[in-house]
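Descriptive analysis of the structure
Residue-level listing of the chains:
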Amino acid sequence: MMIVGLTGSIAMGKSTTAQMFREFGVPVNDADEVVHALYRDEAVAPVEAAFPGTVKDGAIDRAELSRQLLATPERLRELESIVHPLVRQKEREFLDRNAADNVPFVVLDIPLLFETGAEARVDRVVVVSCAPDLQRERAMKRPGMTEEKFAMILARQVPDSQKRERADYIVDTSHSFDNTRQQVRAVVDDLTKNGALDA
């Protein structure tokens, strides 16, 4: 089974692209969705222990956690040391399930693919990209987004130009949904025809 890594900087359209892969029948493991689920389950106790006051109604309050991290950005690695092993475990379970089902290829949607060295765990990389001004426009429309938060997120991410250089496929979301869907279809077709043969 081939493992395809899907990544892209903030507000590039990665979630939309991941959904298009699903619509074409490709199983997708979304790391962000996994984290959301963990924040309602296994990660609650260890995160609250490290970051007191972040639990609300039995789940991690992401807004409060974000507020604490903005105040002490150096503690981000501490959070990652708690959450990343749990995310990896869920990823392994996803891969095992699909390998058992003889699925030809799957997509791992990993926002910080290059930043965390996760490209070593995948066979192909799809980078979602768009024009910088469009990226900023999309990002600033998100609830709770500020210039400070946007800058902090960008500072953690490998620049888009470098991601594009390291990609096997680039999906440019600067245009219409139909245009993006056509690009995803072309990637799926190429992986179906050629991918499994030379992995």
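Owing to the predicted nature of the structure, the values given are computational and were not obtained by experimental measurement. (Residues numbered from 1 in each chain as written. Predicted model: local features only at pLDDT ≥ 70, side-chain atom pairs only at ≥ 80, totals over all residues. Heavy atoms only, no water.)

Side note on the pairing of strand β1 (residues 2-7)
Filter applied, for reference: The buried label applies to any residue whose accessible area, calculated with a 1.4 Å probe on protein chains only, is under 20% of its type's maximum; exposed applies above 50%, and partly exposed to all values in between. To qualify as a helix, a DSSP run of H or I must reach at least 4 residues; to qualify as a strand, a run of E must reach at least 2; elements of each kind are numbered from the N terminus. Each pair of strands is called paired provided DSSP finds at least two bridges between the two strands.
Of all six residues that make up β1, six are buried, and the element is covered over most of its length. Both faces of β1 are covered, namely the face carrying Met2, Val4 and Leu6 and the face carrying Ile3, Gly5 and Thr7. Sheet topology places β1 next to strand β5 (residues 105-109); five bridges connect them, and they run parallel. Its bridge partner lying in β5, glycine 5 is registered against leucine 108. Bridge count for β1 against strand β6 (residues 124-129) is four bridges, and the pairing is parallel. Residue pairing for β6: leucine 6 is matched across the bridge by valine 126.

Here we look at the packing of helix α2 (residues 31-38) against helix α5 (residues 76-100)
Condition: Angles run from 0 to 180 degrees between N-to-C directions of axes, and those axes are lines fitted to C-alpha atoms, restricted for helices to the stretch in contact. Angular relationships are summarised with four words: roughly parallel below 35 degrees, roughly antiparallel beyond 145, roughly perpendicular across 65 to 115, and oblique for the angles in between. Note on convention: near helix rotated counterclockwise from far helix by under a right angle means a left-handed crossing. Clockwise means right-handed. Throughout, a residue-residue contact means that at least one pair of heavy atoms, one from each residue, lies within 4.5 Å. We call Asp, Glu, Lys and Arg charged. Ala, Val, Leu, Ile, Met, Phe, Trp, Tyr, Cys and Pro are nonpolar, and the rest, Gly among them, are polar.
Here α2 crosses α5 at 115°, and the two axes come no closer than 10 Å. Overall, the two elements α2 and α5 adopt an arrangement that is roughly perpendicular. The element α2 and its partner α5 pack so that their crossing is right-handed. In this structure, α2 contributes Ala31, Val34, Val35 and Leu38 to the contact, and α5 contributes Val83, Leu86, Val87 and Lys90. Within the contact of α2 with α5, the residues separate by chemical class into seven nonpolar, no polar and one charged.

Some details on the sheet that holds strand β2 (residues 28-30)
In spatial order, the strands read β2-β5-β1-β6-β7; together these five strands make up an open sheet with parallel pairing. Of all the strands in the sheet, just β2 and β7 (169-172) have a single pairing partner and so form its edges. Between one strand axis and the next, the sheet turns through 20° on average, direction left out of account. Where helix α1 (residues 14-23) meets the sheet, its contacts fall on β1, β2, β5, β6 and β7, and the angle it forms with β1 comes to roughly 150°. Of the strands in this sheet, β1, β2 and β5 are in contact with α5, which crosses β5 at around 165°.

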